[in-house]
Amino acid sequence: MRPLSAAPGRDPREIVRHFTPNWFAANMGTGILALMLAAFPYGHWGQLEIARGLWIVNVFFFALFSALFVGRALFYRHSFARLFDHPVQSLFIGAIPMGFATIINGLLDFWTVTPQTLAIAETLWWIDVIMALISALLIPFFMFTAHEHSIERMTAAWLLPIVPPEVSAASGGLLAQHLAPVVARPVVYVSYVLWSISVLLALAVLAILLLRLTLHKLPHRDMAVSAWLPLGPLGTGAFAMLTLGKADVLAFAQTPLAAMAGFGELAGILVALVLWGFGLWWMAMATAFTLRYLREGLPFNMGWWGFTFPLGVFDAATYGLAEVTGFAPLTLLGAIFTVLLAGFWAIVTQRSFVGMWTGALFRAPCLSQETGLPSPACVEDAAPTSQRPDLMASLRR
């Protein structure tokens, strides 16, 4: 199996032009696995060291994917602009801030917290907030004004651009617990606003999704994994309420809002339980959908990373609820979810590396309007190398 043998035009430089933001879903999945391994409650078998290693690998690939994404924006401006017109691929812009948030959380969880690391984490968090807001505002604007959407073609992928703010809110709750109260309070305020933007929009989308599934049944098998995506906003929303509840008590101690902070912690547990319960129903349905799709055969694509991050954040909420309630079955359930997450991650990572090595997964211009995935009907130009246009010349355009 030769490297990049299936790359577009069999030229590695074409990877830049074909790079799409769905690759950042790999950062989301790898980052959340690292965080959940570190939280695994049973035994001491080196899970923290493995988690740190995964975090370092995730940082490397996030930097690599960012370079490819920026390279496409700089060297293929027309192609990059068309990305935002695509009704499916544009949705994956939201994967960038969500993948970045796992790096911030890992910085706080895996390494010694010092004034320097706190300053870095706080700066990165504000950057993540900006990217999350861009995703939640820009992509819906294109959906409302430029994209062609319909109920029968709708999938849970609509959630992708609007979930990043609540992911940033969950990270803000973790960060605020380490900051001085005067610095933590603005982080908490902003995080609650981010949570409200994202969770309420996500619940509205889920209501439409229920209608779509009722009227038009399951989507195409290429989008089968999207059935797991609702776990993302529900799990993250629950986890954010738990982290912000803890941050409330620390940030508002000995202030006029101290009593409200105590209420916020208790209300956070209640809201988290409600969202977690709703997510448990979605997990049962997603499992049933997946078993049905398996009978048809599931073709691999980058959408398979949807098995990882939604399950991972739901796992984080499970561990969080186990901690605040002391309910032992939740701890066991969280451990089971971590094992499932690791299994999904191993399968998807292996197949992604094969696609990356051969270059088969780098084919953006042939993406279909319905699924955002490579269209079988689209055949690459088979002209010999001497007849193809000079790629360096096209890079300068």
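A. Highlighting the overall build of the protein. A count of helical and extended segments in the protein gives 13 helices and zero strands. The buried share among the 397 residues of the protein stands at 53%. Considering only residue pairs separated by 6 or more positions, the protein has 83% of its internal contacts joining residues 24 or more positions apart. On the protein, roughly 17600 Å² of surface is accessible, and the fraction owed to carbon and sulfur atoms is 71%.

B. A look at the packing of helix α5 (residues 95–110) against helix α6 (residues 115–145). Two elements in contact, α5 and α6, have axes whose closest approach is 10 Å; the angle formed by their N-to-C orientations is 165°. Compared by their axis directions, α5 and α6 come out roughly antiparallel. The interaxial crossing formed by α5 with α6 has left-handed handedness. Residues I96, P97, F100, A101, I104, L107 and L108 of α5 lie in contact with α6, whose contacting residues are T117, L118, I120, A121, L124, W125, I127, D128, M131 and A132. Split by residue class, the contact of α5 with α6 holds 15 nonpolar, one polar and one charged.

C. Focus on unusual backbone geometry. A positive phi angle is found at K217, which is not glycine, with a value near 65°. Secondary-structure assignment places K217 in the loop between α8 (181–216) and α9 (231–251). Phi at Q254 is positive, roughly 60°, even though this residue is not glycine. Inspection of the secondary structure assignment puts Q254 in the loop between α9 and α10 (258–296). You can call Q254 exposed: its relative accessible area is 82%.

D. Expanded view of the layout of surface pockets. Quantified by volume, the largest pocket comes out at close to 600 Å³. Contributing to the lining of the largest pocket are 28 residues, with M36, D109, L174, F239 and T243 lying nearest its centre. Elements with a minimum of two residues in the lining of the largest pocket: α2 (24–39), α5, α7 (164–176), α9 and α11 (309–325). Examining the composition of the lining of the largest pocket, we find that seven residues originate from one element, α11, more than from any other. Taken together, the residues of the lining of the largest pocket sort by class into 18 nonpolar, seven polar and three charged.

E. Main features of the packing of aromatic side chains. Evaluated as defined, the whole model comprises 28 aromatic pairs. The residue whose ring lies beneath R17 is Y76, and the NZ or CZ to ring-centre distance is 6.0 Å.

F. How the structure looks around the side chain of T338. Among the structural elements, T338 can be located in helix α12 (residues 328–358). The class for T338 is buried, based on a relative accessible area of 2%. A polar contact is formed between the side chain of T338 and the side chain of D315, at a distance of 2.5 Å. Those residues within four positions of T338 in sequence are excluded, and the remaining contacts are M36, L37, F40, D315 and Y319.

Definitions and cut-offs
As a convention, each chain's residues are numbered from 1 in the sequence order in which they are written. In keeping with the predicted nature of the model, local features appear solely for residues at pLDDT of at least 70, side-chain atom pairs appear and are counted solely at 80 or more, and the whole-chain, interface and lining totals rest on all residues. With hydrogens and water excluded, all non-hydrogen atoms of the structure serve as input to the side-chain values. The helix count covers DSSP runs of H or I at least four residues long, the strand count covers runs of E at least two residues long, and both are numbered beginning at the N terminus. Throughout, exposure labels follow a simple rule: accessible area from a 1.4 Å probe, protein chains only, divided by the maximum for the residue type, with under 20% read as buried, over 50% as exposed, and the rest as partly exposed. A contact between two residues is defined here by any heavy atoms of the two lying within 4.5 Å. To measure how exposed things are, a 1.4 Å probe is used in the Shrake-Rupley method; for residues, cover is taken only from the protein chains shown. To define axes, lines are fitted to C-alpha atoms, for helices over the stretch in contact only, and angles between the resulting N-to-C directions are given on a 0 to 180 degree scale. Every angle not falling under 35 degrees, over 145, or within 65 to 115 is termed oblique; those three ranges are roughly parallel, roughly antiparallel and roughly perpendicular. Handedness of a crossing is defined here by the sense of rotation of the near helix relative to the far one, left-handed for an anticlockwise turn of less than a right angle and right-handed for a clockwise turn. Amino acids outside the nonpolar list (Ala, Val, Leu, Ile, Met, Phe, Trp, Tyr, Cys, Pro) and the charged list (Asp, Glu, Lys, Arg) are all regarded as polar, and Gly is one of them. Residues are said to line a cavity or pocket when one of their atoms sits within 4 Å of a point; the points come from a 1 Å grid over protein atoms alone, cavities being sets where a 1.4 Å probe fits but cannot get out and pockets being open sets with protein on both sides within 12 Å along at least five of seven lines. Grid points are joined across faces, edges and corners, and a volume is the space filled by probe spheres set on the points. Planes of paired rings set the category: under 30 degrees apart is stacked, over 60 is edge-to-face and the rest tilted, where pairs are Phe, Tyr or Trp rings (Trp by its six-membered ring) whose centres lie within 6.5 Å. Our definition puts a charge over a ring when NZ of Lys or CZ of Arg is within 6 Å of the ring centre and also within 35 degrees of the ring normal. Here a polar contact means two N or O atoms within 3.5 Å. Within protein one must be a hydrogen donor candidate and the other an acceptor candidate, and residues neighboring in sequence count only if both atoms are side-chain atoms.

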